[in-house]
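# Summary of the model geometry
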Amino acid sequence: MDFKADYDRLAEKLTAKGISVDDVKAKLKAQHIETPSWGYGNGGTRFKVFAWEGAARNIYEKIDDAAYIHKLSGIAPSIAIHIPWDKVDDYDGLGEYAKSKGIAIGAVNPNFFQDDQYKLGSLTNPSPAIREEAMGHMIECCEIMGKTGSKLLSLWFADGTNYAGQDSIRERKHRLEQGLMETTKYLPAGSRMLIEYKFFEPAFYHTDLADWGMAYAMALKCGAQAQVLVDTGHHAQGTNIAHIVSFLLDERRLGGFHFNARRYADDDLIVGTNNPYELFEIYSELVQAGDKADDVAYMIDQSHNIEPKLEAMLLSVLNCQTAYARALIVDYKKLADLQLAGDVLGAQQVMVDAFDTDIRPLLMQVRTEKGLDPNPLAAYRADEYVKKVAKERGITISAGSALQ
Ligand code: AFD
Ligand code: MN
Ligand code: MN
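Scope of this entry: the structure provided in the associated data block. (Residues numbered from 1 in each chain as written. Chains lettered and ligands numbered in written order. Predicted model: local features only at pLDDT ≥ 70, side-chain atom pairs only at ≥ 80, totals over all residues. Heavy atoms only, no water.)

Moving on, we come to the packing of aromatic side chains. Enumeration over the complete set of coordinates arrives at 21 aromatic pairs. Ring centres of Phe112 and Tyr118 lie 6.1 Å apart, and the angle between their planes is 65°; on these two criteria the pair is classed as edge-to-face. The burial state of Phe112 is the same as that of Tyr118; both residues are buried. Here the aromatic residues Phe257, Phe259, Tyr283, Tyr298 and Tyr324 are joined through ring pairs into a cluster of three or more. Over the aromatic face of Phe355 sits the side chain of Arg326, whose NZ or CZ is 4.2 Å from the ring centroid. (Phe/Tyr/Trp six-rings, centres within 6.5 Å; stacked < 30°, edge-to-face > 60°. Buried < 20%, exposed > 50% of the residue type's maximum accessible area, 1.4 Å probe, protein only. Lys NZ or Arg CZ within 6 Å of the ring centre and 35° of its normal.)

Below is the structure:
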C-alpha cells in the first residue's frame, strides 16, 4: 500500500504548523505499552467464560503471545504479571525466558480478590489474622519484584461492603492505611506502588478505594514511592478522566494507567473503540505535562470473552498509538494563544483539527522506519501464529486464566 505521498503531504502540513515531524516520530518510536498476562489466558464475565482455542495456559505461553504483539506493534516490550496466576519456582529463569523472547517482566499484580479468606476484604478485613495473610501475599509480591527486576507493584483491592452497617467504613480506611504504609517497607529500592481505584464491583454498597481522591490521599500518606493508577474503565458515567489525569500529573502522582474502554462500567472493552476522543483528551494532557509524565506506566488491562485474544490485544496497543499520535500533532502554540484570547470554539477546533487528521500515513512511516510491517493488523491476519498456537495449545480453562 503506497502511503508515502500521503505521509509527505502530512509532514508538510505539520511542518507548516511549526511541528517537528522528526520529534513526533521519535516520540512515537519510543512509546511503550505494557500488555497484561491475564489478557492472553481465558477470561470472561461472571456469567460465562467462552474458552478460546489457543488461549495461553501458563506464563510462558503468555510471554510468547506478548512477544508476538511486540513483534507486530514494536511498542509493547513488557508484560505485567499477576500472582498467583503467573507464579513460578524459578523467577530468574522466567526473566531469562522473557528476555530471550525480547520481552521484559513489568508490573507485579497481587491478587486480593479470589482467595476465600478475602470474602469480607483483604487489608481492610475485620480479622487481624486475615489482614496478616494479605500482608504476607503483599510481601511475597514485593520479593518477586526483586527477583524479576520489576519496578512496579500494581495494587487493586476488591475490598468493600454490600450494605450500610456491614462494617465500619472508617475502621476499614484505617486498616487499609496501615497495610499500605507497611507495604512501603518492602518495596524494592527505586520501585513504585501504584494504587488503583474502582467505584464499584464486586462490592456494591461501598468500595474502600472508590475514586481517584481516595487513592491520592493514600498515596500521600505512603510517601514518594506511592502513586495513583488510573484504570479507564473504573469511573462513574460521564466522569472527566482527562481532568483527573491532568491534576494527578501536575502533582506528580499519576503512576500509570490500566487502559480499556467501558460503556456502562468495568466492561474491559478494547481501549479507544468506543472512547477514541476521551483517549485523545487523556493523551493530550500527557503530552502537555512534559517531563511530569516521564515515569507514567502505560499498561493495558483487559480480559476479553468474545473477542479473539491476540487481535483484541493488538488493537488495544494500536489504539493507544493512534491516540498518542493525534495528541502529538495538536498545534499547542495556537491553542495557548486562543485560550488566552478566550476564543472558546477556536481553541476547541484546534483539538478537533488534530483528532480529525488522518495520522495513519505517519504511523505507517514510523513502523517502516522501525523495520516493521506498516499495517500490523493485516500482518496479523496474514500470518500463521494464531493457527499454530491453536493447534499446539487446544482449548482449556486452566490456571492463569482470570477465572478459575
Ligand atoms: C479487574 C479489576 C482491576 C484490576 C484487574 C487486574 O477491575 O481493573 O486491575 O482486574 O487485577 O479488571
Ligand atoms: Mn485495572
Ligand atoms: Mn477493571
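Note on the manganese ion (ligand 2): its protein donors are Glu196 (OE), Asp231 (OD), His258 (ND1) and Asp301 (OD). The metal-donor distances range over 2.2 Å. The site at the manganese ion (ligand 2) holds six donor atoms, and with the angles between them running 72 to 163°, its shape is octahedral. Considered as a linear motif, the donors of the manganese ion (ligand 2) on their single chain read E-x34-D-x26-H-x42-D. Between the two metal centres, the manganese ion (ligand 2) and the manganese ion (ligand 3), the spacing is 3.9 Å. Of this pair, His258 sits in strand E9 (residues 254–259) while Asp301 sits in the loop between strand E10 (297–300) and helix H10 (309–328), and the two are 43 residues apart along the sequence. The pair formed by His258 and Asp301 is uniform in burial state, with each residue classed as buried. (Donors = N, O, S within 2.8 Å, 3.2 Å for Na, K, Ca; no water. Tetrahedral: all angles 85-135°; square planar, octahedral: opposite > 155°, others 65-115°. Helix = DSSP H or I, 4+ residues; strand = E, 2+ residues; numbered from the N terminus.)

Here we take up the state of the cysteines. In a disulfide, the sulfur atoms of two cysteines are held together by a covalent bond. Taken as a whole and assessed by the stated rule, the structure comprises zero disulfides. Not part of a disulfide, Cys142 finds its nearest cysteine sulfur in Cys141, a span of 7.2 Å. There is no disulfide at Cys222, and the cysteine sulfur nearest it, in Cys142, is 12 Å away. The class for Cys222 is buried, based on a relative accessible area of 12%. (Disulfide = S-S within 2.5 Å.)

As a matter of local geometry, ligand 1 sits amid Trp38, His82, Phe113, Trp156, Glu196, Lys198, Asp231, His234, His258, Asp266 and Asp301. In the model, an oxygen atom of ligand 1 is placed 3.2 Å from a nitrogen or oxygen of the His258 side chain. Isolated, ligand 1 exposes 300 Å² of accessible area, and the fraction of that covered by the protein chains is 89%. Partitioning the shell around ligand 1 into residue classes produces three nonpolar, three polar and five charged. (Near = heavy atom within 4 Å. Polar contact = N/O pair within 3.5 Å; in protein donor to acceptor, adjacent residues only side chain to side chain. Areas by Shrake-Rupley, 256 points an atom, 1.4 Å probe, with all protein chains shown as cover. Nonpolar A, V, L, I, M, F, W, Y, C, P; charged D, E, K, R; others polar.)

Counting residues in each nonpolar core, the largest one holds 109 residues, and the members touching the most others are Leu180, Phe257, Tyr283, Leu286 and Leu362. No other element matches the eleven residues that H10 contributes to this core. Counting nine residues, the second-largest nonpolar core is a separate cluster that includes Ala80, Trp85, Leu152 and Leu229. (Core = buried A, V, L, I, M, F, W, Y, C linked by side-chain atoms within 4.5 Å.)

Contact pair helix H2 (residues 21–29) / H10: the axes reach a minimum separation of 10 Å and the direction vectors enclose 155°. What the angle tells us is that H2 and H10 run roughly antiparallel. Every pair of crossing elements has a handedness; the one defined by H2 and H10 is right-handed. Residues Val24, Lys27 and Leu28 of H2 lie in contact with H10, whose contacting residues are Gln321, Tyr324, Ala325 and Leu328. When the residues that make up the contact of H2 with H10 are grouped by side-chain class, the tally is five nonpolar, one polar and one charged. (Axes fitted to C-alpha atoms, helices over the stretch in contact; angles between N-to-C directions. Parallel < 35°, antiparallel > 145°, perpendicular 65-115°, else oblique. Left-handed = near helix turned anticlockwise from the far one by under 90°. Contact = heavy atoms within 4.5 Å.)

With respect to the helices and strands, the residue Asn58 is situated in the loop between strand E1 (34–36) and helix H3 (59–73). For Asn58, a relative accessible area of 29% corresponds to the partly exposed category. Note: C-alpha distance between Asn58 and Asp358 (300 residues apart in sequence) is 39 Å. Among the polar contacts made by the side chain of Asn58, one reaches the main-chain amide nitrogen of Tyr60 at a distance of 2.9 Å.

Everything listed is a geometric property; what it means functionally is a separate question.
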